[in-house]
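One-letter residues, chain by chain:
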Amino acid sequence: MNLLLFSLFREKKRRRVVELTEKMVVDGGDGHNCEWEGRWNHVKKFLERSGPFTHPDFEPSTESLQFMLDTCKILVIGAGGLGCELLKDLALSGFHNIHVVDMDTIDVSNLNRQFLFRGKDVGRPKADVAADFINSRIPGCCVIPLKFIHLFCFHVEFHIIVCGLDSVVARRWMNGMLLSLLVYDDGVLDPGSIIPLIDGGTEGFKGNARVILPGMTACIDCTLELYPPQVNFPMCTIASMPRLPEHCIEYARMLLWPKEKPFGDGVVLDGDDPEHIQWVYQRSLERAAEFNITGVTYRLTQGVVKRIIPAVASTNAVIAAACATEVFKIASSAFIPLNNYMVFNDVDGLYTYTFEAERKENCSACSQVPLDMHFSPTSKLQEVLDYLTESASLQMKSPAITATVEGKNKTLYLQSVASIEQRTRPNLSKTLKELGLADRQELAVADVTTPQTMLFRLCFTS
Amino acid sequence: MAATKASKEQKYDRQLRLWGDHGQETLENAHVCLINATATGTEILKNLVLPGTQIFFLSNNSIGKIRAQAATELLQELNSDVSGNFVEESPDKLLDNDPEFFHRFTIVIGVQLPESTCLRLGSVLWSAAVPFLVCKTYGLIGYMRLVVQEHTVIESHPDNALEDLRLDQPFAEFKNHIQSYDLDSMDKKDHSHTPWIIVVAKYLEKWLSEHNGQPPKNYNEKEAFRQCIREGILKNENGVPEDEENFEEAIKNVNTALNPTKVPSAVEDLFNSVQCNDITSQTLSFWVMLRAVKEFVLNEGNGSLPVRGTIPDMIADSQKFINLQNVYRQKAMQDAATVSKHVECLLQSFGKPPESISEKDIKLFCKNASFLRVVRCRSLAEEYSVDSVNKDEITSCMDNPDSEMVFYLMLRAVDRFYQQHSRYPGVYNYQVEDDINKLKLCVNNLLQEYSLNVNIKDDYIHEFCRYGAAEPHTVAAFLGGSAAQEAIKIISHQFVPFSNTFIYNAMSQTSATLQL
């Protein structure tokens, strides 16, 4: 990590904060009444005392605490297993201006770890309940709940963003968003435009925490290979050669449900509806009996249908704590932040491994140069589509491809709108030459995995 | 009643998938004693109460009492299935007046306890064979010490377990089963859907007959073996090899398939231990079962553990796969039944009824025979005694003066400071400067007493004064999650606890496990 660049960023942020603070009317009312003697003692020791391991930039100051309490704005993405822990850790560490985003509602199965929620809250929006809890129990803390991330969020000038997401797609989107906010003056990155992203993830007894300085350190896409694509069972196994109880369940889910429409036309299988799961369970048992396969249980059925990942309170507590520590370090400069990836596993003892993930030179998200893609002019568009979805470094979900052909912007293929999908589907079996594409021309690709259109340069091979 | 059980299943669903209903039961029936409602203490408590563990709270002082009461109420709110109790009595008082108070617990967790209390409590719990988990958050350092005489784990759930296929020593039923296959006379569909295990077994049989009964041993031989299999892939009319995924799987798996079957050294060590060989009526069922398995290995098993009975998924048609799976399953059941007979004999030999250990438990034990683990930790007395301090571990770690071991030594030094000055260093700003020298004296005193020839950099002494015994929340929360999970491992006897000292450094986000 380039410490010099990083300290420039801190300085710019600090100056801007001081400016804003001077312009603000300081309300000494409620904010200060909720403080009690010694409340922040544990925090102040790190803000007001010098030490041999602090960041080179660090200056002990009694103002840092006020900055954290009054001014520092944190965005927490996700109010689930990690989010609840993060909100609590941040609030208790002196961060009193937090926005939290989550579009989900509370489910009973959340209650074993998402401790801001009670049985009576089931069905209510996670962000709302989480914010209420923190605001009512931690005096002075102001958590604002959101259900979606609006672009305006970024004009709120968040100092740091912390993610506790359960989806790689969402992480990549956030990553792309922050990269799009970077400002370059004559090709040089303006450190003031960097919003640090702390990202946490957990699965059972494993987890990781990482620090990303967009434009400076490895981003989510630089290390996409660390998230291997989800394995799905081959269709022929499910359809005609089941061997495992899981195959039987997928059979009921993917083949029987659409055929038999047990709850009516157009009714989609809802993993949260016990009646739906019961139906799948029964049909899976029948399928299994046909092939003498044992092991189909209700719990397994639900696990397969909902793609459930096991989870406990402890792993979420550990990873969120590590992330919150990094937020504190970056906001205060009290210590040098994690550089830049920590892995945790407590299946056998407790194991951590800390390393510096490296930036990928040709990263699809942060390398800023159009990526070359090599195809023969007689390749079909379908091959290009397959490359975009199957390549380990891109892993797109349903890319939409457009290009400028004969001076006009042409949609070559788009999946997400049915009418356009139908219209452009024949293009998939046409060759790139037939579609009028030329060597070295740019293709623009949009996808859920990236908030900004990605540019590719088509290089024809002979 | 049914409604509560169903709603508990729903609530605990995500964790039941990790430790099962039987694991959950151990948590709900456990009696965990937690001492001290500090930030770390309440975090540990939260992470135990949420999954349903029954908790007993002890407070250290009057401020702690208020906190303990409030914490207990809050935590009962967190999980209505858990009845938290709290006792307003300091552990020192209890140690004076009623040390047997602690004997009833499944595990005792001591948080932010001074050294003297730790050692006293450690001694009582050691004699009563009650596991003791010591936890401390000090500045940006987290510290845990597990003290347990002997902790057995049947279900360790290893991350990367090798399969138990026995291809190098095929049992009779397996040999019979592969006799029923004639690859050369199969039609294409059957040929392409024969499980790779059978493919490898068939080609291995051929190889053995052509190589004097010697299996492929080195890289060249294994390559040649792989080539044999490759040549077995069917070809179409033009001599082009067909797409036979099962054969590709066979080739890919040759290396691991040829691994010799043997008893893992960790299990051999257990076979050779005193507990396994001196069985009495007091012996825990773990050791009785282990001894029975040892007898099996020495007799019916011909040097191998009972067959595990599971095979990985592979390209095959349903019938061939299920039939093959059943061959392994039946063998496993047979082996478990044989082990059962040995268990019965042992139990009889000291007058216990055979039902003392259930078939279910024996089956589970046999299935996990390769993964059995026993964790043993030294007592605190041993760690602290000048005669038995682990000098080697300390000095070798400190070859790197920035290793996590330095934090262990600093925590010991800080305890010494507390003993001398009745306070921790640097709690108030005005103390920091002067305390550095005082703490340095404690450090030197410590190193001298234990004859430790190590160098502790002044930076660390300065830093520990800077910490001022702070308990920052994020470090408390990290430790809270870690400690709770270790406690759950002790209670459930699933997954393997650390042994015996864990240090977390939040400054660098690194950690280490030390043996002290």
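All of these numbers come straight from a predicted model, not from anything done at the bench.

### A look at the overall build of chain A
For step 1, the next point in the chain: Looking only at helices and strands, chain A features 14 helices and 15 strands.
For step 2, the next point in the chain: Against the globule reference of 23 Å for 462 residues, chain A gives a C-alpha radius of gyration of 25 Å, in line with a compact fold.
For step 3, the next point in the chain: When its C-alpha atoms are laid out on the principal axes, chain A stretches across 70 × 55 × 40 Å.
For step 4, the next point in the chain: For chain A, the residues scored as buried account for 53% of the 462 residues in total.
For step 5, the next point in the chain: Within chain A, contacts between residues separated by at least 24 positions form 63% of all contacts whose residues are at least 6 apart in sequence.
For step 6, the next point in the chain: Total accessible area computed for chain A in this model is approximately 20,300 Å², and 53% of it derives from carbon and sulfur atoms.
For step 7, the next point in the chain: A gap of 2 Å separates the mean positions of the 46 positive and 55 negative side-chain charges of chain A.

### Points about the pairing of strand β2 (residues 55–58) of chain B
Residue and element names in this part refer to chain B.
For step 1, the next point in the chain: Residues of β2 alternate between two faces, with Ile55 and Phe57 on one and Phe56 and Leu58 on the opposite face, all of them buried.
For step 2, the next point in the chain: With four bridges joining them, strand β1 (residues 32–35) and β2 adopt parallel strand pairing. In the strand pairing of β2, Leu34 is matched with Phe57.
For step 3, the next point in the chain: As for the winding sense of the linkage, the β-α-β connection from β1 through helix α3 (residues 39–49) to β2 is right-handed.
For step 4, the next point in the chain: Examined bridge by bridge, β2 and strand β3 (residues 85–87) share three bridges and lie parallel to one another. Paired with Phe56 across the two strands is Asn85, which belongs to β3.

### Some words on the interface of chain B and chain A
For step 1, the next point in the chain: Between chain B and chain A, the contact holds 76 residues from the first and 70 residues from the second.
For step 2, the next point in the chain: Each partner contributes to the roughly 6,000 Å² buried at the junction of chain B and chain A, and carbon and sulfur atoms together form 57% of this total.
For step 3, the next point in the chain: When the buried area of chain B at its contact with chain A is split by residue, Arg14, Arg466 and Gln509 of chain B rank highest and sum to 15% of it.
For step 4, the next point in the chain: Inspection of the region where chain B meets chain A yields nine salt bridges.
For step 5, the next point in the chain: Ionic pairing is found between Arg137 of chain A and Glu77 of chain B, a salt bridge with its closest N-O pair at 2.8 Å.
For step 6, the next point in the chain: Taken together, the links from chain B to chain A amount to 38 residue pairs in polar contact (both at pLDDT 80 or more).
For step 7, the next point in the chain: Among the elements that take part in the side of chain B that touches chain A, helix α22 (residues 473–492) of chain B stands out by supplying nine residues, more than any other.
For step 8, the next point in the chain: When its residues are assigned to classes, the side of chain B that touches chain A shows 33 nonpolar, 23 polar and 20 charged.

### With respect to the packing of helix α2 (residues 13–29) of chain B against α22 of chain B
All names here are of chain B.
For step 1, the next point in the chain: Viewed as axis vectors pointing N to C, α2 and α22 meet at an angle of 100°, and their least axial separation amounts to 9 Å. Comparing their axes, α22 and α2 come out roughly perpendicular. Note on element contacts: α22 touches α2 through Gln485, Ile488, Ile491 and Ser492, opposite Trp19, Gly23, Thr26 and Leu27.
For step 2, the next point in the chain: Partitioned by chemical class, the residues of the contact of α2 with α22 number four nonpolar, four polar and no charged.

### Some remarks on the sheet that holds β1 of chain B
Working definition: the strands of a sheet are paired by backbone hydrogen bonds and lie parallel or antiparallel to each other.
Residues and elements named next belong to chain B.
For step 1, the next point in the chain: If you trace the eight strands from one edge of the open sheet to the other, you get β3-β2-β1-β4-β5-β6-β9-β10, paired in mixed fashion. Either end of the sheet is taken by a strand with one partner, and the two such strands are β3 and β10 (510–514). For this sheet, the mean inter-axis angle between neighbouring strands, taken without regard to orientation, is 15°.
For step 2, the next point in the chain: Pairing geometry for β1 and strand β4 (residues 107–111), over four bridges, is parallel.

### Re the side chain of Ser314 of chain A
For step 1, the next point in the chain: Mapped onto the secondary structure, Ser314 of chain A falls in helix α12 (residues 313–332).
For step 2, the next point in the chain: When residues no more than four places from it in sequence are discounted, the contact partners of Ser314 of chain A are Gly481 and Gln485 of chain B.

### Section: the packing of aromatic side chains
Residues and elements named next belong to chain B.
For step 1, the next point in the chain: The tally for this structure, following the rule as stated, stands at 31 aromatic pairs over all chains.
For step 2, the next point in the chain: Aromatic pair Tyr138 and Phe464: ring centres 5.6 Å apart, planes at 15°, arrangement stacked. In this pair, Tyr138 is assigned in strand β5 (residues 132–138) and Phe464 in helix α21 (residues 458–467), connecting sequence segments 326 residues apart. Take Tyr138 and Phe464: they sit in the same class, and that class is buried.

### Describing helix α15 (residues 318–349) of chain B
For step 1, the next point in the chain: Over its 32 residues, α15 of chain B runs 46 Å from end to end, which matches the ideal 46 Å to within 8%, given 1.5 Å per residue.
For step 2, the next point in the chain: A positive backbone phi angle near 75° is found at Gly351 of chain B, which sits one or two residues after α15 of chain B.

### Looking at the UniProt feature "domain: E2 binding" (unreviewed entry) in chain A
For step 1, the next point in the chain: According to UniProt, the positions carrying the feature "domain: E2 binding" (unreviewed entry) are residues 373–461 of chain A.
For step 2, the next point in the chain: End C-alpha atoms of residues 373–461 of chain A are separated by 10 Å, and the span's content is 19% helix alongside 36% strand.

### As for the nonpolar core
For step 1, the next point in the chain: Counting residues in each nonpolar core, the largest one holds 167 residues, and the members touching the most others are Phe102 and Ile109 of chain B.
For step 2, the next point in the chain: In terms of residue count, α12 of chain A provides more of this core than any other element does, 12 residues in total.
For step 3, the next point in the chain: Residue contacts for Phe102 of chain B: discarding those within four places in its chain leaves Cys33, Ile35, Leu58, Pro91, Leu94, Leu95, Val108, Leu121, Leu125 and Val130 of chain B.
For step 4, the next point in the chain: By size, the runner-up hydrophobic cluster in this structure holds 54 residues, among which are Cys248 and Tyr251 of chain A together with Tyr203 and Met314 of chain B.

### Section: the pattern of salt bridges
For step 1, the next point in the chain: Throughout the structure, instances matching the rule amount to 51 salt bridges over all chains.
For step 2, the next point in the chain: The residue Lys88 of chain A makes a salt bridge to Asp89 of chain A at a minimum N-O spacing of 2.9 Å. You'll find Lys88 of chain A and Asp89 of chain A in the same group, each marked buried.
For step 3, the next point in the chain: Across the pair Glu449 of chain B and Arg416 of chain B runs a salt bridge whose closest N-O atoms are separated by 2.8 Å. Taken together, the residues span a long stretch of sequence, with Glu449 of chain B in helix α20 (residues 429–449) and Arg416 of chain B in helix α19 (residues 405–421) at a distance of 33 residues.

### Focus on the UniProt feature "active site" (unreviewed entry) in chain A
For step 1, the next point in the chain: With numbering matched to this structure, UniProt assigns "active site" (unreviewed entry) to Cys236 of chain A.
For step 2, the next point in the chain: Its place among the elements puts Cys236 of chain A in helix α8 (residues 235–240).

### Quick notes on the environment of Asn340 of chain A
For step 1, the next point in the chain: Within the secondary structure, Asn340 of chain A sits in the loop between α12 and β9 (341–345).
For step 2, the next point in the chain: For the pair Asn340 of chain A and Lys206 of chain A, spaced 134 residues apart in sequence, the C-alpha separation works out to 17 Å.

### Side note on the confidence of the model for chain B
For step 1, the next point in the chain: Summarising the model, chain B shows a mean pLDDT of 94, and 97% of its residues fall at 70 or more.
For step 2, the next point in the chain: If you check the scores for this complex, the pTM reads 0.91 and the ipTM reads 0.95.

Cut-offs and rules
- Residues numbered from 1 in each chain as written.
- Chains lettered and ligands numbered in written order.
- Predicted model: local features only at pLDDT ≥ 70, side-chain atom pairs only at ≥ 80, totals over all residues.
- Heavy atoms only, no water.
- Helix = DSSP H or I, 4+ residues; strand = E, 2+ residues; numbered from the N terminus.
- Rg over C-alpha atoms; globule rule 2.2 N^0.38 Å.
- Buried < 20%, exposed > 50% of the residue type's maximum accessible area, 1.4 Å probe, protein only.
- Contact = heavy atoms within 4.5 Å.
- Areas by Shrake-Rupley, 256 points an atom, 1.4 Å probe, with all protein chains shown as cover.
- Lys, Arg positive; Asp, Glu negative; His and termini not counted.
- Charge placed at Lys NZ, Arg CZ, Asp CG, Glu CD.
- Pairing = 2+ DSSP bridges.
- Right-handed = clockwise from strand over helix to strand, strands pointing away.
- Buried area = accessible area lost by both parts, 1.4 Å probe.
- Salt bridge = Lys/Arg side-chain N within 4 Å of Asp/Glu carboxyl O.
- Polar contact = N/O pair within 3.5 Å; in protein donor to acceptor, adjacent residues only side chain to side chain.
- Nonpolar A, V, L, I, M, F, W, Y, C, P; charged D, E, K, R; others polar.
- Axes fitted to C-alpha atoms, helices over the stretch in contact; angles between N-to-C directions.
- Parallel < 35°, antiparallel > 145°, perpendicular 65-115°, else oblique.
- Phe/Tyr/Trp six-rings, centres within 6.5 Å; stacked < 30°, edge-to-face > 60°.
- Expected span 1.5 Å × (residues − 1).
- UniProt positions renumbered as here; feature names shortened; annotations may be inferred.
- Core = buried A, V, L, I, M, F, W, Y, C linked by side-chain atoms within 4.5 Å.
- pLDDT = per-residue confidence, 0-100.

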